[in-house]
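So you can see what is in the structure, the chains are spelled out below.
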Amino acid sequence: MEARRRGGRRAGARHLGGLVTLLALLLALATGGCDHTPPPPAAEAGPQLVENLDGTCQVRVVPTGLMIRAREEGIPDPGPMVARSMEGVYFTNAAYERGVVLAWDEEGDFLARVGGLGEGPEEFGAIATLRPGSEGGVHVINGAGQWSHIDADLSVRTLGSHPGLIHASRSNVALLSDTVVVVVETLSQGQPSRGAVLAWTEDRIEVVGEFETGHDEEASWMAAMAGVASLGQEDSFWTGPWITGEGTYRLEERGLDGRLLRSLDRSHPWDLPGPRPGGDGLAAVRVESLSPGVALLGVTVPPRRPGVGDSRAYYEILDTRGEERLAIGTRRGDAWAPRLAFTGVVPEYESTGMVYSYHRHIEAGLPSILVSELFLEEPGSEEGEAACRAVPGA
């Protein structure tokens, strides 16, 4: 497959030709993002228009033909964390091996295991998040509070460790640059969520900003962890969505010192079960950057009663500059992906045109990742066409 359209995809993701390539995202935590229906061969998976509830544009998910999975005995199974380096290498965690990062080439073929569980210079604790760097390779933060970097040759450099990194997970970390990361701690009843901006220098990691956010009201509506994202600027970041009630949420923009720069209070149509003081059945949230100023929010709501019905997965695409809702809907797929059209983002350092669906075939126990591109589609009206094309990066 042409060298593989991947280098061209970086430029092509900024052009349309009828569709505005939106740099995609997100969403769901691993529990909300597993589809127990096995996917078909990648070639059989066709484009699908994702269910839309409101907004100027519509979302279309188009499979690239790339499938990451263990095809032969002895090749490890990919986990649900996915990132793509500047060199075009895909990195995932390992589904059944803690502390291991897996490398896959542009065709989705397995390259190598990297690291291992431990405290050595080339080992990791339990993988918390994978984030591509601006000069290649991928950053790895693990549950032991360690920050490492896998270089283009797959060698590992340990940058350092800090207690503030212990709280890192897939959703609550934003890499603002190769040397600055933001981590937000859990939200609990009666206690605000604490956050830290951490900067790495050649010999240590130190806190350069701190903040508190989230209140008891939010804790009765949403699960413990809020999302964090950088929307294209290295001097600010966003947290949220902080769910404040049955039909409202809040997004916050903060500077590198932790100071609140802007707060957006928004309405939403999500069907939420809260408030639940006991903490059961609360919504899990994510926020990611699609392009400068444009955020994709993800909300996963579990069944109202354990074991009864499916989780519901919503998304919203928001232009934060004009506070314009570009699209909002549910991540339902068509016949080949009956539960979720997309599970998470395949991040690149500055932009990405790819999302993925993470599937697990229960009978065989084989996870697989189907990589797709996400587009904002013009609904036909002049107003809609102008708004969709105004998205940066198109």
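Use the structure listed above.
All residue numbers refer to position in the chain's written sequence, counted from 1. Selection of residues for local features in this predicted model requires a pLDDT of at least 70, selection of side-chain atom pairs for listing and counting requires 80 or more, and totals for whole chains, interfaces and linings are taken over all residues. Only hydrogens and water are set aside; all other atoms, that is, all heavy atoms of the structure, feed into the side-chain values.

Engineer: Teacher, can you tell me more about the pattern of salt bridges here?
Structural biologist: Between side chains of opposite charge, a pair can form when the charged atoms approach closely. Any carboxyl oxygen of Asp or Glu that lies within 4 Å of a side-chain nitrogen of Lys or Arg is treated as forming a salt bridge with it. Inspection of every chain in the model, using the stated rule, returns 15 salt bridges. Between Arg 325 and Asp 54 there is a salt bridge, with the nearest N and O atoms lying 3.4 Å from each other. Separated by 271 residues along the polypeptide, Arg 325 in strand E24 (residues 324-330) and Asp 54 in strand E3 (residues 52-54) bring together distant segments of the chain. Remark: exposure states derive from per-residue accessible area (1.4 Å probe, protein chains only) relative to the maximum for the residue type, with buried under 20%, exposed over 50%, and partly exposed in between. A relative accessible area of 16% places Arg 325 in the buried class. On the accessibility criterion, Asp 54 (40% relative accessible area) is partly exposed. Runs of H or I in DSSP of at least four residues are treated as helices and runs of E of at least two as strands, each being numbered from the N terminus.

Engineer: Can you walk me through the packing of aromatic side chains in this structure?
Structural biologist: For Phe, Tyr and Trp, where Trp contributes only its six-membered ring, two rings pair if their centres lie within 6.5 Å, and the inter-plane angle classes them as stacked under 30 degrees, edge-to-face over 60, or tilted in between. Throughout the structure, instances matching the rule amount to four aromatic pairs. Pairing Trp 104 with Phe 110 gives two aromatic rings, centres 5.3 Å apart and planes at 65°, and the pair type is edge-to-face. Whether a charge sits over a ring comes down to the Lys NZ or Arg CZ being within 6 Å of the ring centre and within 35 degrees of the ring normal. Above the ring of Phe 342, the side-chain terminus of Arg 331 is found at 5.8 Å from the ring centroid.

Engineer: Even after reading the chapter, I still don't get the sheet that holds strand E5 (residues 78-84), so can you show me in this structure?
Structural biologist: Two modes of strand pairing occur in sheets, parallel and antiparallel, and in both the strands are linked by backbone hydrogen bonds. The criterion for strand pairing is that DSSP finds at least two bridges linking the strands in question. Taken in spatial order, the four strands line up as E5-E6-E7-E8 in an open sheet, and their pairing is antiparallel. Every interior strand has two partners, whereas the edge strands, E5 and strand E8 (110-115), have only one. Neighbour-to-neighbour, the strand axes of the sheet open up by a mean angle of 30°, direction not taken into account. Pairing of E5 with strand E6 (residues 90-94) involves four bridges; the strand directions are antiparallel. Its bridge partner being in E6, Arg 84 is matched across the sheet by Tyr 90. Every angle, taken between N-to-C directions, lies between 0 and 180 degrees, and every axis is a line fitted to C-alpha atoms, over only the stretch in contact when it is a helix.

Engineer: I would appreciate a short explanation of the environment of Val 294 in the present structure.
Structural biologist: Secondary-structure assignment places Val 294 in strand E22 (residues 294-301). Among the residues examined, Val 294 registers a relative accessible area of 0% and is labelled buried.

Engineer: For this particular structure, what's the right way to read unusual backbone geometry?
Structural biologist: Glycine aside, residues mostly have negative phi angles, and peptide bonds mostly take the trans form. Of note, the bond from Gly 240 into Pro 241 is cis; its omega dihedral lies within 30 degrees of zero at -10°. With respect to the helices, strands and loops of the structure, Pro 241 is situated in strand E18 (residues 236-245). Non-glycine residue Leu 154 carries a positive phi angle of around 70°. By the secondary structure assignment, Leu 154 is in the loop between strand E11 (146-150) and strand E12 (156-161). In this structure, Glu 323 takes a positive phi of about 55° despite not being glycine. Relative to the assigned elements, Glu 323 resides in the loop between strand E23 (312-319) and E24.

Engineer: Can you walk me through the pairing of strand E19 (residues 248-255) in this structure?
Structural biologist: Regular strands place side chains that alternate from one sheet face to the opposite one. The buried fraction of E19 amounts to seven of the eight residues, a majority that puts the element mostly inside the structure. In the sheet, E18 pairs with E19 via seven bridges, with the strands oriented antiparallel. Counterpart to Thr 239 in the pairing with E19 is Glu 252. In this structure, the hairpin formed by E18 and E19 is closed by a connection of two residues. Here E19 runs beside strand E20 (residues 260-267); their pairing, made up of seven bridges, is antiparallel. Looking at E20, one finds that Arg 250 is bridged to Asp 265. If you look at the hairpin formed by E19 and E20, you'll find four residues sitting between the two strands, and Gly 258 has a positive phi there, around 90°.

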